[in-house]
Amino acid sequence: MNASPRARAVSAALLSGGLLLAVTACTNSGTSSATSTSAVPTAANTADAQQVVSPSGSPSGPGCTYQSYAGGVPQLDITDGKTVVGFSQSESTSNPFRATETKSIETEAKRLGVKLIERNANADVNAQNSQIEDMIAQGAKVLVVAPENSDGLGPALAQAKAKKIPVLTIDRTVTGTACSDFIAFIGSDFYGQAQIAADDLAGATGAKAHVAILQGTPGNNVSADRTKGFTDQLTAKYPNMSVVASQTGNFDQTDGQKVMEQLLQAHSDINAVYAENDAMALGAIQAIKSAGKTPGKDIKIVSIDGIQQVVQDVAAGQLVADIETNPRFGPLAFQSLKDFFGSTGVQPKVIIKDGHFTGANAQQALSQGLVY
Ligand code: GZL
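Residues numbered from 1 in each chain as written. Predicted model: local features only at pLDDT ≥ 70, side-chain atom pairs only at ≥ 80, totals over all residues. Heavy atoms only, no water.

Draft legend 1. Local environment of the overall build of the protein chain. Across its full length, the protein chain carries 11 helices and 13 strands. Counting every position in the protein chain, which comprises 372 residues, the buried fraction comes to 57%. Long-range contacts, defined as pairs at least 24 residues apart, comprise 75% of the intrachain contacts of the protein chain with a sequence gap of at least 6. Summed over its atoms, the accessible surface of the protein chain is roughly 13500 Å², and 52% of this surface lies on carbon and sulfur atoms. (Helix = DSSP H or I, 4+ residues; strand = E, 2+ residues; numbered from the N terminus. Buried < 20%, exposed > 50% of the residue type's maximum accessible area, 1.4 Å probe, protein only. Contact = heavy atoms within 4.5 Å. Areas by Shrake-Rupley, 256 points an atom, 1.4 Å probe, with all protein chains shown as cover.)

So, in structure tokens, the structure goes:
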């Protein structure tokens, strides 16, 4: 998903640490973080983290409501304490991204008095299908789903649609049509995250590098966009940066370490690593050290998510930067559902704002509790 000109322009303020009052997405503005100011990113756990914009930067048309969704579904009050809302989480909360995402949904549901039931599929798409169907059987009348992958949830989504149960997708997209198969997609600008990662790595290597990419789990838009955004940026701006290896580490620390060990043995010229999530970056750091090299010195690393342990490693100089994937969907998801059952409606793609942690601001962000 390419960043819109407006999002790029506005994100310049975000990348430079300006306090944004406008709605925006943290999308590449072409600013290399090597020159970013020390201001703390403004997208962290502050109220404005829930500021959103559709990719175009303005409403792309009438929002989706209970009257227009899939031919019309019953109007519900999700805060009446009786209407059951089901939350389907895709992956284990051992990943701080997932833990924070789940906690955000739970906290906002409690604040609003929503009757919430939830399941965790532990990265198994078949389990996620059956868990969604189980929540429907348990009486869920609305579903919030963090999909494991873009395909594979067809049976559960079809059952929900047949039973006129609206589905809001957060974090990753599913195959289908907004306002028909699902209400909308709410998530980060993954393509834009990857462009920023490329700029960060260019800034740290003088735009001369042999890069290894640790790709996320195959089969979802996040991995696809994070890979394409990075390689497109290299093609567009950095002729002396080449990708010497690109392999999936399944968004997993152990797999990331194993793959990095193999790549270092096969490619002695690797001097830069782009990890598509922090769990794999942690694995890569272990592999680099085991190979007798120093992360941040011999090999420059950039990663995505913004979990505490990795932002600490940024502050310590082991990574160049960590681009946040903001998991704090709770307020935004439930506001979207209220808009859906009201008259405002929900735009098909809603971009949540991400932070950007670099050597210049990581320590300050940590000390101010802005990192999850
Ligand atoms: C991104 C999310 C990704 C995270 C990973 O929105 O889907 O999945 O970046 C997680 O940490 O595994």
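Draft legend 2. Layout of the state of the cysteines. In total, this model carries 1 disulfide according to the counting rule given. The disulfide bridge from C64 ends at C179, spanning 2.0 Å between sulfur atoms. Looking along the S-S bond of the C64-C179 disulfide, the torsion reads about 85°, which is the right-handed sense. Within this pair, whereas C64 is found in the loop between β1 (52-53) and β2 (84-89), its partner C179 is found in the loop between β5 (167-170) and β6 (185-187), the two being separated by 115 residues in sequence. The two residues C64 and C179 agree in class, both being buried. (Disulfide = S-S within 2.5 Å.)

Draft legend 3. Examining the pattern of salt bridges more closely. Evaluated as defined, the whole model comprises 12 salt bridges. In this structure, E101 and R98 form a salt bridge, with 2.9 Å as the shortest nitrogen-oxygen distance. Here R98 and E101 lie together in helix α2 (residues 96-112), a separation of 3 residues that amounts to about one turn. Here K297 and D298 are joined by a salt bridge, their closest N and O atoms 3.5 Å apart. Where salt bridges share partners, they join E91, R98, E101, D171 and R172 into one cluster. (Salt bridge = Lys/Arg side-chain N within 4 Å of Asp/Glu carboxyl O.)

Draft legend 4. The arrangement of the nonpolar core in detail. Residues L143, M260 and V273 are the most contacted members of the largest nonpolar core, which totals 82 residues. Each of domain 1 (62-186 + 328-343) and domain 2 (190-324) accounts for three or more of the residues forming this core. Not counting residues up to four positions away in its chain, the partners in contact with V273 are L201, A212, L214, M260, A284, I288, I299, K300, I301 and V302. Formed by 20 residues, the second largest nonpolar core is a distinct cluster that contains I196, L234, V320 and A321. (Core = buried A, V, L, I, M, F, W, Y, C linked by side-chain atoms within 4.5 Å. Domains from an automatic or database assignment.)

Draft legend 5. Structural view of the site of the ligand. Around the ligand sit 13 residues in total, of which E91, D171, R172, R226 and D305 are the nearest. Between R98 and the ligand, the recorded distance is 3.1 Å, taken from a side-chain N or O atom to an oxygen atom. Separating an oxygen atom of the ligand from a side-chain N or O atom of N277 is a distance of 2.9 Å. When isolated, the ligand has an accessible area of 310 Å², and the protein chains bury 100% of it. Of all the elements in the fold, those that place two or more residues in the shell around the ligand are α2 and α6 (221-237). (Near = heavy atom within 4 Å. Polar contact = N/O pair within 3.5 Å; in protein donor to acceptor, adjacent residues only side chain to side chain.)

Draft legend 6. How the structure looks around the side chain of E91. Mapped onto the elements of the fold, E91 is located in the loop between β2 and α2. Residue E91 is classed as buried on the basis of its relative accessible area of 10%. Within polar-contact distance, the side chain of E91 engages the side chain of R172 at 3.3 Å. For E91, the contacting residues outside a window of four places in its chain are R98, N120, N122, A123, E148, R172 and F251.

Draft legend 7. Fine view of the pairing of strand β3 (residues 115-120). Sheet topology note: the β2/β3 ladder contains 6 bridges and is parallel. Bridge pairing links G86 to I117 in β3. Crossover β2 to β3 through α2 is right-handed. (Pairing = 2+ DSSP bridges. Right-handed = clockwise from strand over helix to strand, strands pointing away.)

Don't take any of this as a statement about function, it's just geometry.
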